[in-house]
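# A closer look at the structure
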Amino acid sequence: MWHDQIIAKSDNISKNVKKCLSNKFMLNWSNNVMNSAKCLNYRIYKSDFCFEKYLSLLPSDLRMYLCKFRCLSNKLPIETGRFFNIDRTERHCNLCNANELGDEFHYLFKCTFFNNVRAKFLPLDICKNPNVLKFKELMNTSDLFTLTGIAKFCKNNYGTIHAFKVATDIIILNYIFLDKANSFVYIDINNDNNLLSKIHWFTVI
């Protein structure tokens, strides 16, 4: 931090210490993101430790849903599969028949269950022929109109994914651990791919 025994000014020492600690923190943060198996998608659009513009541009309700989607605090199979020790390659989307990994990229661009919602909220030119570069461009946009659309897409889909996830959890838990009434549940999806809220209980003999 210094080259000789001459006492430097206290304000210079403070600045040097702060800079040194800041650099060390950012290096550790970068290494953690790059080496984490959870951050395969996150590191595509988050390469620098900095304040994200959407946090100040969006209203609080929309900001929350976009933040959850970006920061892996969601109910997507790629996350919830860990709770049941499901191999990462087997955490498929359970809302469509594509048999693809149920991660952020899939739900944002490819899941057919959300085709109508996607067409309503997301830019057509971005969603057409999706790839990693378009994914990064969309998640890093500072355009308020586009940000609002992404956030509304996340908000609209969060309830559906969460409801399906809860129902699936009940199915798994009751299948493995029968309750006192020896019952289990299943949930229906109708021909229009609209999630039904009705849960059916059956008695296991």
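Before any of the text, the structure's been laid out above.
A brief look at the structure comes next. (Residues numbered from 1 in each chain as written. Predicted model: local features only at pLDDT ≥ 70, side-chain atom pairs only at ≥ 80, totals over all residues. Heavy atoms only, no water.)

## Concerning a nonpolar patch on the surface
Rule in force here: Nonpolar side chains (Val, Leu, Ile, Met, Phe, Trp, Tyr) within 5 Å and like charges within 9 Å form the patches, drawn only from residues with over 30% relative accessible area and no salt bridge. In short, Shrake-Rupley with a 1.4 Å probe defines the accessible areas, and a residue's cover is counted only from the protein chains shown. One side-chain nitrogen of Lys or Arg within 4 Å of one carboxyl oxygen of Asp or Glu is enough to make a salt bridge. We count a stretch as a helix when DSSP gives it H or I for four or more residues in a row; a strand needs E for two or more, and each element gets its number in order from the N terminus.
On the surface, Phe 25, Met 26 and Phe 49 cluster together to form a nonpolar patch covering roughly 290 Å² of accessible area. Among the structural elements, Met 26 can be located in helix 1 (residues 10-35).

## Overview of helix 4 (residues 60-70)
So the rule is basically this: Only protein chains enter the accessibility calculation, which uses a 1.4 Å probe. A residue is then buried if its area is under 20% of the maximum for its type, exposed if over 50%, and partly exposed in between. When we speak of the arc, we mean the arc of directions from the helix axis to the C-beta atoms.
Buried residues of helix 4: Leu 62, Tyr 65, Leu 66, Phe 69 and Arg 70, and no others. Looking straight down helix 4, one finds its buried side chains confined to an arc of 135°; they lie on one side. Residue Leu 72 follows helix 4 closely and has a positive phi angle near 65°.

## Let's talk about the side chain of Glu 52
The following threshold applies: Whether two residues are in contact is decided by their heavy atoms, any of which lying within 4.5 Å being enough.
Within the secondary structure, Glu 52 is located in the loop between helix 2 (42-45) and helix 3 (54-57). If we ignore the near neighbours within four places in the chain, the residues touching Glu 52 are Lys 46 and Arg 70.

## Examining the environment of Asn 115
Defined as follows: Polar contact criterion, stated in full: a pair of N or O atoms within 3.5 Å, where within protein one must be able to donate a hydrogen and the other to accept it, and residues adjacent in sequence count only if both atoms are side-chain atoms.
Along the chain, Asn 115 turns up in helix 7 (residues 115-121). In this structure Asn 115 comes out as partly exposed when scored by relative accessible area, which is 38%. Polar contacts involving the side chain of Asn 115 include one to the side chain of Arg 118, which spans 2.8 Å.

## Details of the side chain of Asn 157
Among the structural elements, Asn 157 can be located in helix 10 (residues 144-176). Not counting chain neighbours up to four residues away, the residues in contact with Asn 157 comprise Phe 114 and Val 117.

## Considerations on the pattern of salt bridges
Opposite charge on two side chains makes pairing possible when the charged atoms of those side chains draw close. All told, the structure shown has 6 salt bridges when counted by the stated rule. For the salt bridge of Glu 52 with Arg 70, the shortest nitrogen-to-oxygen distance reads 3.6 Å. On the criterion of sequence distance, the pair formed by Glu 52 in the loop between helix 2 and helix 3 and Arg 70 in helix 4 is long-range, its members being 18 residues apart. Taken individually, Glu 52 and Arg 70 each receive the classification buried, so the pair is uniform in this respect. Residue Arg 82 pairs with Glu 79 through a salt bridge whose shortest N-O separation is 3.1 Å. With relative accessibility at 4%, the residue Glu 79 sits in the buried group.

## A word on helix 9 (residues 132-139)
In an α-helix, one turn spans 3.6 residues, which is why side chains three or four residues apart end up on the same side. For helix 9, the complete set of buried residues consists of Lys 134, Phe 135, Leu 138 and Met 139. For helix 9, the buried positions fall inside an angular range of 125° around the axis, keeping them on one side. Taking the backbone nitrogen of Leu 133 as reference, a side-chain oxygen 3.1 Å away marks Asn 131 as the first, capping residue of helix 9.

## With respect to the nonpolar core
The condition is simple: In this text, buried Ala, Val, Leu, Ile, Met, Phe, Trp, Tyr and Cys residues form a nonpolar core when linked through side-chain atoms within 4.5 Å.
If you look at the biggest cluster of nonpolar residues, it comprises 37 residues, and the most contacted ones within it are Leu 66, Leu 108, Phe 109 and Cys 111. For this core, the element with the most residues is helix 10, which contributes 5 residues. With residues near it in sequence (within four places) discarded, Leu 66 still touches Tyr 54, Leu 58, Leu 147, Ile 150, Ala 151 and Cys 154.

## Considerations on the packing of aromatic side chains
Selection rule: Stacked, tilted and edge-to-face are the three classes applied to pairs of Phe, Tyr and Trp rings, where Trp contributes its six-membered ring and a pair requires centres within 6.5 Å; stacked means planes under 30 degrees apart, edge-to-face means over 60, and tilted covers the rest.
Per the stated rule, a full pass over the model turns up 10 aromatic pairs. Judged by centre distance (5.0 Å) and plane angle (50°), the rings of Phe 105 and Phe 109 are tilted. Here the residue Phe 105 and the residue Phe 109 both occupy positions in helix 6 (residues 104-110), the gap between them amounting to 4 residues, near one helical turn. Both residues of the pair, Phe 105 and Phe 109, belong to the buried class. An angle of 80° between the planes, with centres 5.1 Å apart, marks the rings of Phe 113 and Phe 114 as edge-to-face. Under the relative-accessibility criterion, Phe 114 is labelled buried at 2%. These aromatic residues form a ring-pair network of at least three members: Tyr 42, Tyr 45, Phe 105, Phe 109 and Phe 135.

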